[in-house]
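Coordinate inspection notes
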Amino acid sequence: CCCFSPTRPTLAFAGTDHGSVVVWDLRELSFMHFVYKVGEDEWLIRSPTYTTDGILGTESHHGVVNSLVPVVSVEESHRAAASAEKLQTAQGGGLSFQLASMDEGGDIIFWTVIEVSRSSLDASETDLGLTPGGLIKIVKSSSFNLQKLSRKANLSGSTSTRCLQLNLTDPNHFFIGTDMGYILHMVRHGGRALPRLYTTEEETVTEVTAMDFCPFGFDYFLVVCADGSVRLYNTTSEVPLMTWKDAAAERVRCVLWSRSRPSVFYTVDETRVRVWDLLQDDSGPTISEQLPDGGRVTTCALAGAASKTTGAQGFTPKMVVCTDSNVVQVHQLAQELAYGPANERERLLAKLQSGVFSG
């Protein structure tokens, strides 16, 4: 799994199969890394600026890191997008955010991202995770264990985690998808998480494979499961507002709420992408497209920041798809998927609050 910084597009993070979290500072000059020449082409292979591998011992992850998300609210994302150019050229200061990582065993760690002072270039001598000359490091700030949290929620049996998401309107609340088909709801600081558990009315247990929150300031989120079903939840209710079943779908890898169209979301299985428009037809996908041959999809993401004002021209949203054949596909979204009517956000909110769906 991997992600970019919500405020610094030059910082990239990844979780590894052996439990490490690594950071790349893309501002670093090429002489700090390896350059390989293949024919007439030169390839720059960047080593991590910081890695937790072997640094924290028993206090780090001990299994595959399957989720890595920035701890940032949708309002902060809007401000970051508006000032992205300014932040890209900034040389220091203003870097303050956290990162959450989760492994398959249910250990969740919150990290603080720190920029090392340029006057402390010997920091790598005392912190073995920092590359010589590196300016970015991460420090563990807190941690939780799913098994302990499950016992508090009166859940029996062993549970494996599949995905982690933070509430975009209040990142103090975090949500954990499990192999038992339910979603755990937890809070980091103070208060109680209500409801503690999001369930389904279905009798068959199927694992949660992905989640995504509405990026337009609404307290709703989408969940997809291994059997191809899609659920829509309000954060205040433990049962789905709506469930769609798609028997034709293979194992669904991703669910992505559009960053430019409030009523549109995407589900992506191993070979196909489906487009859903809750205002056009809430009974099922409105578009189903086979992806170009390049292997089975492993993960995907949308490029383009969410905005409360839809229809703004400029950057055309894109979808990035990665496959198990090491192929990365970048797809430009069609015009009708990129831009919607000016009142789309208000119409969707009215529909969600009514709870009336034809499907």
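Residues numbered from 1 in each chain as written. Predicted model: local features only at pLDDT ≥ 70, side-chain atom pairs only at ≥ 80, totals over all residues. Heavy atoms only, no water.

Next up on the list: helix H5 (residues 344-354). Among all positions in H5, only Glu-344, Arg-345, Leu-348, Lys-351 and Leu-352 are buried. Mapping the buried residues of H5 onto a view down its axis gives an arc of 130 degrees, with all of them on the same face. Considering only its buried residues, H5 is in contact with strand S16 (220-225), strand S17 (230-234), strand S19 (254-257) and strand S20 (264-268). Just downstream of H5 lies Gly-355, where phi reads positive at about 70 degrees. (Buried < 20%, exposed > 50% of the residue type's maximum accessible area, 1.4 Å probe, protein only. Helix = DSSP H or I, 4+ residues; strand = E, 2+ residues; numbered from the N terminus. Arc of directions from axis to C-beta. Contact = heavy atoms within 4.5 Å.)

This part takes up the sheet that holds strand S22 (residues 287-290). To summarise the sheet geometry, strands pair through backbone hydrogen bonds and adopt either a parallel or an antiparallel arrangement. The four strands are arranged S19-S20-S21-S22 in an open sheet whose pairing can be described as antiparallel. The open sheet has two free edges, formed respectively by S19 and S22, since each of these has just one partner strand. This sheet shows a mean twist of 15 degrees between the axes of neighbouring strands, independent of strand direction. Pairing of S20 with strand S21 (residues 272-277), which is carried by five bridges, proceeds in the antiparallel orientation. Paired with Val-268 across the two strands is Val-273, which belongs to S21. (Pairing = 2+ DSSP bridges. Axes fitted to C-alpha atoms, helices over the stretch in contact; angles between N-to-C directions.)

Next up on the list: the pattern of salt bridges. Overall, the coordinates contain ten salt bridges when judged by the stated rule. Note that Asp-212 is salt-bridged to Arg-259, the shortest N-O span being 2.9 Å. Here Arg-259 lies in the loop between S19 and S20 and Asp-212 lies in strand S15 (residues 208-213), a separation of 47 residues in the sequence. Residue class for Asp-212 comes out buried when judged on its relative accessible area of 6%. A salt bridge links Arg-296 to Glu-270; its shortest N-O distance comes to 2.5 Å. Note that Arg-296 is positioned in the loop between S22 and strand S23 (297-303) and Glu-270 in the loop between S20 and S21, a separation of 26 residues in sequence. Accessibility expressed as a relative area gives 41% for Arg-296, which makes it partly exposed. Taken together, the shared-partner salt bridges in this structure form one network comprising Asp-25, Arg-27 and Glu-115. (Salt bridge = Lys/Arg side-chain N within 4 Å of Asp/Glu carboxyl O.)

Attention now goes to the environment of Ser-141. One can find Ser-141 in strand S10 (residues 136-145). A relative accessible area of 38% means that Ser-141 is categorised as partly exposed. On a C-alpha basis, the gap between Ser-141 and Phe-110 in space is 5.6 Å, while along the polypeptide they are 31 residues apart. When residues no more than four places from it in sequence are discounted, the contact partners of Ser-141 are Gln-98, Phe-110, Trp-111 and Thr-112.

So, about unusual backbone geometry. Going from Leu-194 to Pro-195, the amide bond is cis rather than trans, its omega being -10 degrees. The topology assignment puts Pro-195 in the loop between strand S13 (183-187) and strand S14 (197-198).

The next subject is the nonpolar core. By size, the foremost hydrophobic cluster in this structure holds 20 residues, and its most contacted members are Leu-222, Val-230, Leu-232, Trp-244, Trp-257, Phe-265 and Leu-352. Contributions of two or more residues to this core are made by S16, S17, strand S18 (242-244), S19 and H5. When residues of this core are assigned to their parent elements, the largest contribution, three residues, is made by S16. Ignoring any residue separated from it by four or fewer positions in sequence, one finds Trp-244 in contact with Gly-228, Ser-229, Val-230, Leu-232, Phe-265, Trp-276, Leu-278, Asp-282, Ser-283 and Gly-284. In terms of nonpolar packing, the next biggest core, distinct from the first, is built from 16 residues, Cys-3, Phe-13, Phe-97 and Leu-99 among them. (Core = buried A, V, L, I, M, F, W, Y, C linked by side-chain atoms within 4.5 Å.)

This next bit is on the pairing of S16. A large share of S16 lies buried, amounting to six of its six residues. On S16, burial covers both faces: Tyr-220, Leu-222 and Val-224 on one face and Phe-221, Val-223 and Cys-225 on the other are all buried. Pairing geometry for S15 and S16, over five bridges, is antiparallel. From the neighbouring strand, Asp-212 faces S16, where its bridge partner is Leu-222. If you look at the hairpin formed by S15 and S16, you'll find six residues sitting between the two strands, and Gly-217 has a positive phi there, around 85 degrees. The pairing of S16 with S17 spans five bridges and is antiparallel.

The predicted model of the protein has a mean per-residue pLDDT of 81, with 82% of residues at 70 or higher. At the low end of the mean pLDDT range in the protein sits helix H2 (residues 84-89), at 46; at the high end sits S17, at 94. Within the model, pLDDT remains below 50 along residues 87-94, and this stretch shows 13 contacts once partners closer than five positions in the same chain are excluded. Here residues 306-313 scores under 50 on pLDDT; set against residues more than four positions off or in separate chains, the count is 20 contacts. (pLDDT = per-residue confidence, 0-100.)

Right, let's talk about the sheet that holds strand S24 (residues 318-323) for a bit. Spatial strand order, S23-S24-S25: three strands in an open sheet with antiparallel pairing. Each edge of the open sheet carries a strand with a single partner, namely S23 and strand S25 (328-332). Geometrically, the sheet is characterised by an average inter-axis angle of 20 degrees between neighbouring strands, direction not taken into account.

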